[in-house]
Amino acid sequence: MQEENTAQTDSKAGSRKVIYAAILANLGIAGAKFGVALVTGSAAMLAEGIHSAVDTGNEVLLLIGEKMSTLQPTPRHPFGYGKAIYFWALIVALSVFSLGGGLSIYHGVHSLRHPEPMGDPFWNYVVLAIAAGFEAYSWNVSRKELNEMRRPGASLWQTVRASKNASVFTVFIEDTAALAGLAIAAAGIALSQLFNAPWLDPAASVAVGLLLIGAAVTLARETGGLLVGEGIGREQTGKLREIFRTDPSIMTVGRLLTMQLGPDEVLLNAAVQFNRGMTIDEVEDAIERLEAKVRDVYPAIQHIYFKSAGLGAG
């Protein structure tokens, strides 16, 4: 139990480290981008400023979710508040979609109607380079945290898909979109200057908005699945089945149902049939043994319920 609590503490500490790094990076970047956008009149830079400001607010929302997820269980919430982080991560996805993507596209389209010549773009490039450095730092912090969960042979994207830690993969997806957005903004400014085509800069703003909408849809898909009761995965469930199947006290293994209650908390409902003729004491000993085996392999499985009837229906 002490090792389990230590693992959960380390996981939460890692999540908050990722969030704090993202807040510091985005807060400074947003101010610099807005300042340069006002000076140079770049629509792409204004879109990037909106993006960074939205990201800063989003990280604050993730901190709220992290705090709520640590609340103790109550009679109304007997399994605790672990899913709060998934709810707030979904709100972040909606924020990226509407405030980030929507406003960037709106401003870009508005500027496309009346494109204005850009002023000296020197400071745009300076701020983009500084922003790329800060974003790369924040991205690397989230990448390292994801690598802690990475299985041998798995790609980073597969690790994101498999991760149950919404704080970490949300920041990673946001920072990945931010780095790509910086590249698009830089390309828009450079091409606008090179070809003396003012419309290319607001066109880059629209492209940044579309990129953010894509990131928002990805976030909504990942967090939405966890919020409505995603399980631990087919491979992990197969390993659990093997634990039950090979135990000498089990005659039949039915459905094994799992649900993620939080980044480090899982519920397991096991439909099993014990050997006939076992006494109550023997069944209790078998249950204790099975619980220990399961938690040995998956410490996050903190709630285990056995169902001995209706194996076919689960």
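Residues numbered from 1 in each chain as written. Predicted model: local features only at pLDDT ≥ 70, side-chain atom pairs only at ≥ 80, totals over all residues. Heavy atoms only, no water.

Draft legend 1. Region of the structure containing the UniProt feature "transmembrane region" (unreviewed entry) in the protein chain. Residues annotated by UniProt as "transmembrane region" (unreviewed entry) correspond here to residues 18–39, 85–107, 122–141, 168–191 and 203–220. Within residues 168–191, the helical portion is 100% and the strand portion 0%, while the C-alpha atoms at the span's ends are 35 Å from each other. (UniProt positions renumbered as here; feature names shortened; annotations may be inferred. Helix = DSSP H or I, 4+ residues; strand = E, 2+ residues; numbered from the N terminus.)

Draft legend 2. Geometry of the environment of Gln-302. Along the chain, the position of Gln-302 falls in strand β3 (residues 301–307). A relative accessible area of 21% places Gln-302 in the partly exposed class. Note: C-alpha distance between Gln-302 and Glu-291 (eleven residues apart in sequence) is 9.2 Å. (Buried < 20%, exposed > 50% of the residue type's maximum accessible area, 1.4 Å probe, protein only.)

Draft legend 3. Seen up close, a nonpolar patch on the surface. Taken together, the side chains of Val-60, Ile-64, Met-68 and Leu-71 define a hydrophobic patch exposed on the protein surface, amounting to about 290 Å² of accessible area. Along the polypeptide, Leu-71 turns up in the loop between α2 (43–69) and α3 (84–113). Its relative accessible area of 42% is what places Leu-71 among the partly exposed residues. (Patch = residues over 30% accessible without salt bridge, like charges linked within 9 Å, V, L, I, M, F, W, Y side chains within 5 Å. Areas by Shrake-Rupley, 256 points an atom, 1.4 Å probe, with all protein chains shown as cover. Salt bridge = Lys/Arg side-chain N within 4 Å of Asp/Glu carboxyl O.)

Draft legend 4. A look at the pairing of strand β1 (residues 250–262). As paired strands, β1 and strand β2 (residues 265–274) are joined by nine bridges and run antiparallel to one another. Looking at β2, one finds that Ile-250 is bridged to Phe-274. Linking two consecutive strands that pair antiparallel, namely β1 and β2, is a turn of two residues. (Pairing = 2+ DSSP bridges.)

Draft legend 5. Structural detail: the environment of Gln-260. Inspection of the secondary structure assignment puts Gln-260 in strand β1. Overall, Gln-260 belongs to the buried group, its relative accessible area being 3%. Taking the C-alpha atoms as reference, Gln-260 lies 8.4 Å from Leu-227; in sequence the two are 33 residues apart. Contacts of Gln-260, omitting those with residues within four sequence positions, involve Lys-83, Tyr-86, Lys-164, Leu-226, Glu-230, Gly-231, Ile-232, Glu-265 and Val-266. (Contact = heavy atoms within 4.5 Å.)

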